[in-house]
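Coordinates in review
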Amino acid sequence: QQQVKQSPQSLIVQKGGISIINCAYENTAFDYFPWYQQFPGKGPALLIAIRPDVSEKKEGRFTISFNKSAKQFSLHIMDSQPGDSATYFCAASRTAGNKLTFGGGTRVLVKP
Amino acid sequence: GAVVSQHPSRVICKSGTSVKIECRSLDFQATTMFWYRQFPKQSLMLMATSNEGSKATYEQGVEKDKFLINHASLTLSTLTVTSAHPEDSSFYICSALSEVSYNEQFFGPGTRLTVL
């Protein structure tokens, strides 16, 4: 059972554009929602994370929006750059430090 | 800070042999580490949770006798793939939990295992 559904599977955006990735979860016990960036042949790196007590969190060009009632959260990458081309994973866990359940991933390609 | 290393980065072995992968937290202690497997163009699948000084907790469907995990110290966890077969070829990634960093998981660079 896939507990975290991520869409789209792939995304092409022009340089300077906005990349939007969406995730939906089923387990209402989840209360920690991180996003990871992974380059080919490398391990994932934490980009930004949110907890349900806030609806939005911004760090630089990356913003998470969180909708608790809809059980959805999304990542917005503003002013997308070619260096942002990577695979992005959303994840969820029951508090930080517990095992993570990952979404299926979104391959983002930013065209110059 | 919060660097996790894995060794080796790549390994090629013959079918039937065993392979050991090391995961080290270089600048912090980690009571808990996690092992993931990632097939090409797929997501990370948790294999097991490794706790220092105790037995690992395996996810459903993961053979504990095939994937041996030892977390002998607060900075080292090892995954041994026993009697490896071609279907075990995958990208194995570990992560270490940093309690001083709000329980964030820091991931290693991964180990590419190819079984011939």
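Because the structure is a prediction, the values reported are computed rather than measured.

All right, on to the interface of chain B and chain A then. Listed as interface residues are 19 residues of chain B and, on the opposing side, 18 residues of chain A. At the boundary of chain B with chain A, total buried surface from both sides reaches about 1400 Å², with 57% on carbon and sulfur atoms. When the buried area of chain B at its contact with chain A is split by residue, Ser43, Leu44 and Phe107 of chain B rank highest and sum to 29% of it. Across the pair Glu59 of chain B and Lys99 of chain A runs a salt bridge, and its minimum N-O distance is 3.1 Å. Elements represented by at least two residues in the side of chain B that touches chain A include exactly β4 (32-38), β5 (44-51), β9 (90-98) and β10 (104-107) of chain B. Split into classes, the residues belonging to the side of chain B that touches chain A amount to ten nonpolar, six polar and three charged.

All names here are of chain B. The final tally for this structure, using the stated rule, is two disulfides over all chains. Through a disulfide, Cys23 is tied to Cys94; the S-S separation comes to 2.0 Å. One quick way to see it: the torsion about the S-S bond of Cys23 and Cys94 is about 80°, and its sign makes the bridge right-handed. A residue pair is termed long-range when its members are at least 10 positions apart, and Cys23 in strand β3 (residues 19-25) and Cys94 in strand β9 qualify at 71 residues. For Cys23, a relative accessible area of 0% gives the class buried. What makes Cys94 buried here is its relative accessible area of 0%. Cysteine Cys13 shares no disulfide, and the gap to the nearest cysteine sulfur, in Cys94, comes to 18 Å.

Residue and element names in this part refer to chain A. Taken in spatial order, the five strands of this open sheet run β1-β3-β8-β7-β6, and their pairing is antiparallel. Only two strands of the sheet have a single partner each, and these edge strands are β1 (4-7) and β6 (56-59). Shown here is a sheet whose adjacent strand axes are inclined to one another by a mean of 15°, direction ignored. Looking at chain direction, strand β7 (residues 62-67) and strand β8 (residues 72-77) are connected through six bridges and run antiparallel. Residue Phe66 lies in a different strand from β8, and its bridge partner there is Phe73.

Residues and elements named next belong to chain A. Nonpolar side chains collect at one region of the surface, where Ile18, Ile20 and Met78 lie side by side and expose about 240 Å² of accessible area between them. Following the sequence through the fold, Met78 ends up in the loop between β8 and β9 (86-92). Since its relative accessible area comes to 32%, Met78 is described here as partly exposed.

Cut-offs and rules
Residues numbered from 1 in each chain as written. Chains lettered and ligands numbered in written order. Predicted model: local features only at pLDDT ≥ 70, side-chain atom pairs only at ≥ 80, totals over all residues. Heavy atoms only, no water. Contact = heavy atoms within 4.5 Å. Buried area = accessible area lost by both parts, 1.4 Å probe. Salt bridge = Lys/Arg side-chain N within 4 Å of Asp/Glu carboxyl O. Helix = DSSP H or I, 4+ residues; strand = E, 2+ residues; numbered from the N terminus. Nonpolar A, V, L, I, M, F, W, Y, C, P; charged D, E, K, R; others polar. Disulfide = S-S within 2.5 Å. Buried < 20%, exposed > 50% of the residue type's maximum accessible area, 1.4 Å probe, protein only. Pairing = 2+ DSSP bridges. Axes fitted to C-alpha atoms, helices over the stretch in contact; angles between N-to-C directions. Patch = residues over 30% accessible without salt bridge, like charges linked within 9 Å, V, L, I, M, F, W, Y side chains within 5 Å. Areas by Shrake-Rupley, 256 points an atom, 1.4 Å probe, with all protein chains shown as cover.

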